[in-house]
Amino acid sequence: MKASQGRALRKRCECIAVACFAAIGALVPAGAMAKDANVCTAGTTLRLSTPEASQGSLLLIQVRSAKPIGEVQGDWGGRSVPFWQEGAGETQRNGLLGVDLEKAPGEYELKVTGQTASGEKISCSAMVPVKKGLFATEKLHVEKQFVEPSPEQIKRADEERKKLRDIFDSATPERLWDGNFRIPLEGVTTGTNFGKRRILNGNPGSPHSGVDLPGTTGTLVHAAQRGRVVLAEELFFAGNAVVVDHGLGIYTFYGHLSEIDAKVGDAVETGAVLGKVGATGRVTGPHLHWGLTVERARVNPLLLVQLIGGPSPQTGRRKSRKRRAN
Ligand SMILES: [Zn+2]
């Protein structure tokens, strides 16, 4: 970043308010929001962490059965919903429903099917309404090459976009994470700018698909959970970047690093150092861009820490002194 740009941008900005989600212990019955309360086969219940979703949100799903569950699959508007078993909970499966930050508002049917260990069919359905996300629009000034890239740079960015899409399109069938997800910077409890629509040097840009976490250059960046490194390279827009596959179609993304300390194929534990905070790529200053993809849906990663994590991060409205791009 250019120092003069940073100073020019050192204005107060309003950060988005993110809906708070109920903790795991306070899931609501899916039937409460469906026209027909009896949405499951006998002996089975479906509960969601919130009765309605919004663009960029993440819902925790619980399927419970009177009998031990053999297998469960989920489908939400043509996208599969990852389910897993927590510990010895044979009569329960947890799932995550990711709502892409650009998903069209409306009602989408969640269908859960499966069978008990003894082979009896299980099925549930519920309509999940999606509201428009409350995302602010911000105007930013970045280096000219990032808004008016050359044909070579456009080609490079397109190839990188395809590479990332190919990664996010594939889902490792087993769960690689184990336990709570964490925020990747020590001592940081919140992030900003998720979903913001941006005007870059006067031109409309793509929405901001992650959260920006404050950090000075050189601050260690830690893996949010156990997984496998599937990308570790410099990207045109995201700068030095790392992607960790946590299994079941769940990926975390770490961008703008000053240094990458991981390589593709590395099996990482929660908290493993992936690199250091920096200001590479399209930025207005050093910070960590942290993203989360759940079955191809770009969602707010702070919600994953709230739903499968330790102390809840702050996701409410607050003031920030600086604007950060990308
Ligand atoms: Zn960012």
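Worth saying up front: this structure is predicted, and the values here are computed from it rather than measured.

Enquirer: Tell me about the overall build of the protein, and please be specific about residues and values.
Expert: The number of helices and strands found in the protein is 4 helices and 25 strands. Out of the 326 residues in the protein, the part that is buried amounts to 50%. For the protein, restricting intrachain contacts to residue pairs at least 6 apart in sequence, the fraction spanning at least 24 positions comes to 70%. Within the structure as shown, the protein displays about 14300 Å² of accessible surface, and the carbon and sulfur contribution to it stands at 51%.

Enquirer: Go over the nonpolar core, please, and point to the residues and values.
Expert: Grouped together as the largest cluster of nonpolar side chains are 40 residues, with contacts concentrated most on L58, L96, Y254, L274, L288 and W290. Mapped by element, the contributors of at least two residues to this core are strand 5 (58-65), strand 15 (210-214), strand 18 (239-245), strand 19 (250-257), strand 23 (287-294), strand 24 (297-299) and helix 4 (301-307). Of all the elements, helix 4 adds the most residues to this core, at 5 residues. Apart from residues lying up to four places away in sequence, L96 is in contact with L58, L59, L60, V81, P82, W84, I250, V294, L304, L307 and I308.

Enquirer: Run through the state of the cysteines, naming residues and quoting values.
Expert: In a disulfide, the sulfur atoms of two cysteines are held together by a covalent bond. In this structure the tally under the stated criterion is 1 disulfide. Through a disulfide, C40 is tied to C124; the S-S separation comes to 2.0 Å. Looking along the S-S bond of the C40-C124 disulfide, the torsion reads about 115 degrees, which is the right-handed sense. With a gap of 84 residues between them, C40 in the loop between strand 2 (28-29) and strand 3 (44-48) and C124 in strand 11 (residues 121-131) connect regions that are remote in the sequence. The exposure classification of C40 matches that of C124, with both residues buried.

Enquirer: Provide a residue-level description of the sheet that holds strand 4 (residues 53-54), including the pertinent values.
Expert: Strand order in this open sheet of 5 strands is 4-11-10-6-7, and the pairing throughout is mixed. Looking at strand neighbours, the two that pair on one side only are strand 4 and strand 7 (79-81), the edges of this open sheet. Pairing between strand 10 (residues 106-116) and strand 11: 10 bridges, direction antiparallel. Bridging across to strand 11, E107 finds its partner in P129.

Enquirer: Lay out the confidence of the model for the protein in plain terms, naming residues and giving numbers.
Expert: Looking at the protein as a whole, the pLDDT averages 85, with 84% of positions reaching at least 70. Here residues 33-38 is modelled with pLDDT under 50, and outside its nearest four sequence neighbours on either side it reaches 8 contacts, counting other chains as well.

Enquirer: Describe the side chain of E160, listing the residues and the values that go with them.
Expert: Within the element layout of this structure, E160 appears in helix 3 (residues 151-169). When residues no more than four places from it in sequence are discounted, the contact partners of E160 are E234, L235, F236 and F237.

Enquirer: Break down the sheet that holds strand 20 (residues 259-260) for me, with residues and values.
Expert: Reading across from one edge, 16-22-20 is the order of the 3 strands in this open sheet, with antiparallel pairing throughout. Each edge of the open sheet is held by one strand with a lone partner, namely strand 16 (220-222) and strand 20. In this sheet, strand 22 (residues 273-276) lies alongside strand 16 in antiparallel orientation, the contact comprising 3 bridges. Looking across to strand 22, one finds that L220 is bridged to K276.

Here is what the cut-offs are and how they apply
- Residue positions within a chain follow its written sequence, with the count starting from 1.
- With the structure being a predicted model, the display of local features is reserved for residues of pLDDT at least 70 and the display and counting of side-chain atom pairs for 80 or more, all residues being used for whole-chain, interface and lining totals.
- The basis for every side-chain value is the complete set of non-hydrogen atoms in the structure, without hydrogens or water.
- In this text, helices come from DSSP runs of H or I with a minimum length of four residues, and strands from runs of E with a minimum of two, each type numbered from the N-terminal end.
- Relative accessible area decides the class of each residue, using a 1.4 Å probe on protein chains only: under 20% of the type maximum gives buried, over 50% gives exposed, and in between gives partly exposed.
- Residues are treated as being in contact if the distance between any of their heavy atoms lies within 4.5 Å.
- Note on areas: these come from Shrake-Rupley sampling with a 1.4 Å probe, and a residue is covered only by the protein chains present in the view.
- Throughout this description, the term nonpolar core refers to a set of buried Ala, Val, Leu, Ile, Met, Phe, Trp, Tyr and Cys residues connected via side-chain atoms within 4.5 Å.
- When two cysteine sulfur atoms lie within 2.5 Å, the pair is treated as a disulfide.
- In this description, strands pair whenever DSSP reports at least two bridges between them.
- pLDDT measures the predictor's confidence residue by residue and takes values from 0 up to 100.

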